[in-house]
Amino acid sequence: MMAAERNPVSCYLDERTFRLCCQLFLQHSETIKDGWSWEQIKGTDEGFMKKTLLIPVKSSVLHEQPESSVQDEDMVTDNIQANVEDETAGVQAVCEIHAVLRYEYHVLYSFSYQIPVLYFRASALDGQPLSLEEVWRNVHLNYRQRLQQGPWDTLTQQEHPLLGQPFFMLHPCRTEEFMKPALDLAQAENKRVNYIVTWLSVVGPVIRLDVPLSYSTESDISLHYAAK
Amino acid sequence: MADDKDVLRDVWFGRIPACFTLSPEETTEREAEPYYLLLPRVSYLTLVTDKVKKHFLRVMKAEDVEEMWLEYEGTPLKWHYPIGVLFDLHASNTALPWNVTVHFKNFPEDDLLHCASNSVIEAHFMSCIKEADALKHKGQVINDMQKKDHKQLWMGLQNDKFDQFWAMNRKLMEYPTEEGGFRYIPFRIYQTMSDRPFIQKLFRPVSPEGHTLTLGDLLKELFPAAICAEGGWHQR
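Note that the structure is predicted; figures quoted are calculated from it, not measured. (Residues numbered from 1 in each chain as written. Chains lettered and ligands numbered in written order. Predicted model: local features only at pLDDT ≥ 70, side-chain atom pairs only at ≥ 80, totals over all residues. Heavy atoms only, no water.)

(A) Spatial organisation of the overall build of chain B. Each helix and strand in chain B was counted, giving 9 helices and 5 strands. The linear arrangement of helices and strands in chain B, starting from the amino end, is α-β-β-α-α-β-β-α-β-α-α-α-α-α. Taking the principal axes of its C-alpha atoms as reference, chain B extends roughly 65 × 50 × 35 Å. Residue pairs at least 24 apart in sequence account for 63% of intrachain contacts in chain B once pairs closer than 6 positions are excluded. About 13200 Å² of surface is accessible on chain B, with carbon and sulfur atoms providing 51% of the total. Between the averaged position of the 28 positive side-chain charges in chain B and that of its 35 negative side-chain charges there is a distance of 5 Å. (Helix = DSSP H or I, 4+ residues; strand = E, 2+ residues; numbered from the N terminus. Contact = heavy atoms within 4.5 Å. Areas by Shrake-Rupley, 256 points an atom, 1.4 Å probe, with all protein chains shown as cover. Lys, Arg positive; Asp, Glu negative; His and termini not counted. Charge placed at Lys NZ, Arg CZ, Asp CG, Glu CD.)

Below you can see the structure in the form of structure tokens.
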């Protein structure tokens, strides 16, 4: 099979394939207890994937503190689990956690752009929603410059298209740019791929959502990506 | 498109007379008179109510003022919907002027998007234009336009300049009949009694057999409840 004979892979996703990829994704999530669920809109065949995460942060993330010694890269204490094991370090780490944020992620399908879109909302545990500035402060430093590059390729507050409530959304404009190489490569190497896994692995970490490696290595949830 | 110019002008210059009253919950230094304004149907509330804000700020203390938001009969008004849509959705069956209540505190975080500046409105507007073109022309027309053309589109809306706006918008409304016209029709159906903001689906303007389709065909396929069995029309 000559790679040159194949048609270029379309980086767009039709709705049926979106739902199939989500179904497979959810099966794996169930297996590894990754917390994703499917929310169906009553009376329709439409729905979205949803996951809620509790993220511990140092209080300087929520309130501007000029003398804060917190470095931008470790605004979120990712290594809390490890520190708890070490008693002395554990005590120090616990003292540093001032707040826990609740992030709720929704993966929806966009008919207009024929791609998935990631919506999310964030709040403190008391329900107080985070402002756009506070959400920005939680974006990892490495991603901020990229996010600021285009007026439409950024993080904004949007109305959730199915629920009607304010959410934040990562704009879908650049999806083609990073999905095309990934899908082309998969096709060239005759590898199976799950569009949602590939896509979410790229956009998720920008807003603190990780996709464990086992999603990518688990072949049962991947499909041969057809050329269009 | 040229013969439609009268229709285009009528749509553009549509106005709704509104009366803005400060909410009794607000703390004022003295009584505030209501403020009357003609609202352009095609624009956005936060873009055209600066005068309303200035009027009421005169009777309030700075420390009592947060982001202004508007409400009609207890329902927060979504500034990101065109004014005409908001009026038709909430108040079209009531007598004019449209009585809107003004608030400066207790912003309804679960209902309304924040609107910190005009650039937020611009970003939202351009995002809608872009999405519509994605449906009409796979985004080719909007992407081929220059940044200054996008700016002209926005400035036309912001400054209520029909000619300036349509000089650019006509490119987005080009309908190449040889290619079957628009790929899909950009439309949204808003309903009052629904959590769902609107119905938006893919709809081709031409049937597989080549017949040009009408609004009735669209509704029949995607929202049959709007059309009653005898072929008449339900109210909204």
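Now that the structure has been shown, we can carry on.
(B) Here's a closer look at the pairing of strand β5 (residues 98-103) of chain B. All names here are of chain B. In terms of burial, β5 is largely enclosed, as 5 of its 6 residues are buried. Of the pairings in the sheet, the one linking strand β1 (residues 15-22) to β5 comprises 5 bridges and is parallel in character. Residue threonine 21 lies in a different strand from β5, and its bridge partner there is threonine 101. Sheet analysis places strand β3 (residues 69-72) next to β5, joined by 3 bridges and oriented antiparallel. Pairing of leucine 70 across the sheet is with valine 102, part of β5. (Buried < 20%, exposed > 50% of the residue type's maximum accessible area, 1.4 Å probe, protein only. Pairing = 2+ DSSP bridges.)

(C) Seen up close, the pattern of salt bridges. One pass over the full model with this rule turns up 17 salt bridges over all chains. As a salt-bridge pair, Glu46(A) and Lys201(B) come within 3.8 Å of each other at their nearest N and O atoms. Separated into two different chains, Glu46(A) in the loop between β1 (37-40) and β2 (47-57) and Lys201(B) in the loop between α8 (162-172) and α9 (215-222) make up a pair that spans both. With a relative accessible area of 8%, Glu46(A) lands in the buried category. Close ionic contact of Lys148(B) with Asp149(B) constitutes a salt bridge, the shortest N to O distance being 3.8 Å. Looking at Lys148(B), the relative accessible area reads 58%, which means it is exposed. Using a relative accessible area of 8% as the deciding quantity, one classes Asp149(B) as buried. (Salt bridge = Lys/Arg side-chain N within 4 Å of Asp/Glu carboxyl O.)

(D) Region of the structure containing the sheet that holds β5(B). Residues and elements named next belong to chain B. Here we have 5 strands laid out as an open sheet, ordered β2-β1-β5-β3-β4, and mixed in their pairing. Each end of this open sheet is capped by a strand with a single partner; those strands are β2 (35-40) and β4 (75-76). With 6 bridges joining them, β1 and β2 adopt antiparallel strand pairing. In the strand pairing of β2, phenylalanine 20 is matched with tyrosine 35.

(E) Examining the nonpolar core more closely. Residues and elements named next belong to chain B. Judged by nonpolar contacts, the single largest core of 48 residues is most densely connected at Phe20, Trp98, Val102 and Phe125. When residues in this core are grouped by element, the largest group, 5 residues, is from α8. Three or more residues apiece are contributed to this core by two domains, here domain 1 (13-103) and domain 2 (118-174). The contacts of valine 102, once residues within four sequence positions are left out, are Phe20, Thr21, Leu22, Ser23, Glu26, Val52, Phe56, Met68, Trp69 and Leu70. (Core = buried A, V, L, I, M, F, W, Y, C linked by side-chain atoms within 4.5 Å. Domains from an automatic or database assignment.)

(F) Just the sheet that holds strand β5 (residues 155-159) of chain A, in detail. All names here are of chain A. Spatially, 6 strands are ordered β1-β2-β3-β4-β6-β5 in an open sheet, and the strand pairing comes out antiparallel. In this open sheet, the two strands that pair with only one neighbour each are β1 and β5. Within this sheet the neighbouring strands show an average axis-to-axis angle of 35°, counted without direction. The sheet contact formed by β2 and strand β3 (residues 99-110) spans 9 bridges and is antiparallel. Paired with methionine 49 across the bridge in β3 is valine 107. (Axes fitted to C-alpha atoms, helices over the stretch in contact; angles between N-to-C directions.)

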